[in-house]
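Coordinate inspection notes
Letter by letter, the chains look like this.
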Amino acid sequence: MRTTALIAAAGTLPLVTAYPSWLSRDRRQAGSTITVDLSKTYQTIDGFGCSFAFQRANLITNMSDKTKQRELLDLLFNTTTGAGLSIIRNGIGSSPDSSSDHMNTFAPKDPGGPGAEPQYTWDGKDSGQLFLSQEAYNTYGVRQIYGDAWSAPGYMKTNGNEANGGTLCGVAGASCRSGDWRQAFADYLVQYVRYYAEAGVPITRLGFLNEPEFTTGYASMNSNGAQAADFIKVLHATLEAANLTSQVGIGCCESEGWGNQVNMVNQIKSAGAESMLAMVTSHTYTGGPTGPMNTRVPVWLSEQCDLQGQWTSTWFQFGGAGEGLTWANNIYSALVSNNVSGYLYWEGVQWPSPTTNEKLIRVDQQAPYGYEVAKRLWAFANWSRFVRPGAVRVATTGAAAGVRSAAFENVDGSIAVVMISSAGSATPVTVKVGTSGSSNVTMATAWVTDQTHNCESTNVTVTDDGLVTGSVAARSITTFHIPAPPAVEINEVGKKNWRYV
């Protein structure tokens, strides 16, 4: 009989017990059985994250109360007590100033044409994002740092302005009297990568658009798929020349909605540039996924939030767009129904105004720096803390009434089974790893987020034949985490003394 007693407390491993082998198997499997089939695999998961663009990072970077600064960083990135986010999406600046929430460029002045020597001026802060990225990378082990430009500097565009749309000079259909700025913009993006590298933070993904179908009064740049493909070829060649293609992958195109992104991907494929991408990126503001995207590269839903509803930190009330349970289900649909590999919320932190749900944590700008955490963050935690970068989604069969399930095998061999309940009462479940015979599971933990718990431990049982049995709380997200079996080492003495009996 395998019995492991562990402390059952928030932030620690829960109590794990074992049923005796003489107890009826039918009784031990009371409730529905979810079978995890490791032999049937789907997409690889790149991670979960958020952005700190438009100077939101400064809320943390400039905070004089270092205790609260650390509390906020822990809430976002700590894999034991926080959400364990594993992707950061930074905004690459294009503004000539830092007024309001502008993201300042490090090339504010036109050097005299696209072929002139650029006049780079790096401030070592990057709108507060550099410090936050250093903390995420060095303290919390975040390895996916994505730099994305909302626009090129204004003098590189057809409208001469970083805002109000306009198109990069030199791409198909966008000629400018000043010349072709494609190479200069590619050089600018690569220089951004170099600045971060000098500060000890490797940029791993690089984007050059944000909502290219949307013209607005802040940093924005228009593009269709053919124009994007035109620039992708230049940027890829520039990364190659800088020996950066093994570190940095290109992402495109951050469309406002899935439908436009599908169209842009089709145009990129027609132009022969799909193979130069590391990922396809889309938002969901004008429409979400309707099925997996027709591309060979990973797909990220790289920005979404509730922009309409009034701020709420609740888990479940009536199924509102800002509620935590809603976002647990949003992530499920993206990963399971649409094979998405990366899932990012919009802002990690933001000041109280506007009073919408575009942030995970609402933070006051002045001392004493009060903050309020939305349950949306804890919905992310039940995914991100246990489904780590490089995990592969695997098949599950069987279902419990009102419970959706998804399973993943991590790089270290551990398994995460994420279950979301819409039922009004707790649902007993049994998880079996493998499709035949007994499994080799000897230990498991379970973690629940609901109205009163924030990714906190709950009881789970492992039977003698490796079944994991527990309960999915009403209207909750509950994650079963099964560590990899310990490696069996046979030393030379053991080999010599081995015999059959």
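The structure contained in this document is the topic of the report that follows. Keep in mind that what you see is a predicted model, and the values were worked out from it rather than measured.

Let's talk about the pattern of salt bridges
As a working rule, side chains carrying opposite charge can pair if their charged atoms are close by. Applying the stated rule across the entire model yields 10 salt bridges. A salt bridge links Arg-89 to Glu-254; its shortest N-O distance comes to 3.3 Å. In this pair, Arg-89 sits in strand β4 (residues 87-92) while Glu-254 sits in strand β7 (residues 249-255), placing the two residues 165 residues apart along the sequence. Glu-254 sits in the buried class, given a relative accessible area of 0%.

A few points about unusual backbone geometry
For the peptide bond that leads from Ser-353 to Pro-354, omega is 0°, which places it in the cis range. By secondary structure assignment, the location of Pro-354 is in the loop between β11 (342-350) and β12 (356-357). Residue Pro-368 is reached from Ala-367 by a cis peptide bond, and omega for that bond is 10°. Its place among the elements puts Pro-368 in the loop between β13 (359-363) and β14 (371-373). Located in the positive-phi region is Ser-100, a residue other than glycine, with phi close to 55°.

Quick look at the pairing of strand β9 (residues 299-303)
With 5 of 5 residues buried, β9 lies mostly within the body of the structure. The pairing of β9 with β11 spans 2 bridges and is classified as parallel. Paired with Trp-300 across the bridge in β11 is Gly-342.

Structural notes on the environment of Leu-76
Its location among the elements puts Leu-76 in helix α3 (residues 66-77). The class for Leu-76 is buried, based on a relative accessible area of 0%. A C-alpha to C-alpha distance of 31 Å links Leu-76 and Ala-186, two positions 110 residues apart in sequence.

Observations regarding the state of the cysteines
On inspection of all chains with the given rule, the structure shows 2 disulfides. One disulfide bridge connects Cys-169 with Cys-176, the sulfur atoms lying 2.0 Å from each other. Taking the sign of the torsion about the S-S bond as the criterion, the disulfide between Cys-169 and Cys-176, at about -80°, is left-handed. Overall, Cys-176 belongs to the partly exposed group, its relative accessible area being 21%. The disulfide partner of Cys-252 is Cys-253, and the S-S distance across this bridge is 1.9 Å. Across the S-S bond linking Cys-252 and Cys-253, the dihedral sits near 90°, which makes this disulfide right-handed. We classify Cys-252 as buried; its relative accessible area is 1%. Sequence-ordered numbering of the disulfide-bonded cysteines in the protein chain gives the connectivity 1-2, 3-4. This cysteine, Cys-50, is not joined by any disulfide, and Cys-305 carries the nearest cysteine sulfur, 12 Å off. In this structure Cys-305 comes out as buried when scored by relative accessible area, which is 11%.

Focus on the nonpolar core
Judged by nonpolar contacts, the single largest core of 114 residues is most densely connected at Phe-48, Phe-77, Phe-185, Leu-189, Phe-208 and Trp-383. Judged by nonpolar contacts, the second largest core, of 21 residues, contains Val-403, Val-429, Val-431 and Val-433.

Some thoughts on the side chain of Thr-326
Relative to the elements of secondary structure, Thr-326 occurs in helix α8 (residues 324-338). Leaving out residues up to four positions away in the same chain, Thr-326 has contacts with Gly-319, Gly-320 and Ala-321.

Focus on the pairing of β13
When you tally the buried positions in β13, you get 4 out of 5 residues, the bulk of the element. Relative to β13, β11 runs parallel, the two sharing 3 bridges. When the bridges of β13 are listed, Val-349 appears paired with Ile-361. In terms of strand pairing, β13 meets β14 through 3 bridges, oriented antiparallel. Among the inter-strand pairings, Val-363 is bridged to a residue of β14, identified as Tyr-371.

Focus on the environment of Gly-251
Locating Gly-251 in the fold gives a position in strand β7. The exposure class of Gly-251 is buried, given its relative accessible area of 3%. With 132 residues separating them along the chain, Gly-251 and Gln-119 place their C-alpha atoms 26 Å apart. When residues no more than four places from it in sequence are discounted, the contact partners of Gly-251 are Leu-206, Gly-207, Phe-208, Leu-277, Met-279 and Thr-281.

A closer look at the packing of aromatic side chains
This model, assessed by the stated rule, comprises 26 aromatic pairs. Centre to centre, the rings of Phe-106 and Tyr-120 are 5.4 Å apart; their planes meet at 65°, and the pair counts as edge-to-face. With Phe-106 in the loop between β4 and α4 (129-140) and Tyr-120 in the loop between β4 and α4, this pair connects stretches of sequence that are 14 residues apart. When its relative accessible area of 25% is taken as the criterion, Tyr-120 is described as partly exposed. The interplanar angle of 80° and the centroid separation of 5.8 Å between the aromatic rings of Phe-106 and Trp-122 together place this pair among those described as edge-to-face. One end of the pair, Phe-106, is in the loop between β4 and α4; the other, Trp-122, is in the loop between β4 and α4, with 16 residues separating them in the sequence. Taking the relative accessible area as the measure of exposure, Phe-106 reaches 4% and is therefore buried. Note on Trp-122: relative accessible area 24%, which makes it partly exposed. An aromatic cluster of three or more residues is present, and its members are Phe-106, Tyr-120, Trp-122, Phe-185, Tyr-188, Tyr-192, Tyr-195, Tyr-196, Phe-208 and Phe-231. Sitting over the face of the ring of Tyr-137, Arg-143 holds its NZ or CZ atom 3.7 Å from the ring centroid. Between Arg-385 and the ring centre of Trp-447, over which it is positioned, the NZ or CZ distance is 5.6 Å.

Conventions and cut-offs
- Residues numbered from 1 in each chain as written.
- Predicted model: local features only at pLDDT ≥ 70, side-chain atom pairs only at ≥ 80, totals over all residues.
- Heavy atoms only, no water.
- Salt bridge = Lys/Arg side-chain N within 4 Å of Asp/Glu carboxyl O.
- Helix = DSSP H or I, 4+ residues; strand = E, 2+ residues; numbered from the N terminus.
- Buried < 20%, exposed > 50% of the residue type's maximum accessible area, 1.4 Å probe, protein only.
- Pairing = 2+ DSSP bridges.
- Disulfide = S-S within 2.5 Å.
- Core = buried A, V, L, I, M, F, W, Y, C linked by side-chain atoms within 4.5 Å.
- Contact = heavy atoms within 4.5 Å.
- Phe/Tyr/Trp six-rings, centres within 6.5 Å; stacked < 30°, edge-to-face > 60°.
- Lys NZ or Arg CZ within 6 Å of the ring centre and 35° of its normal.

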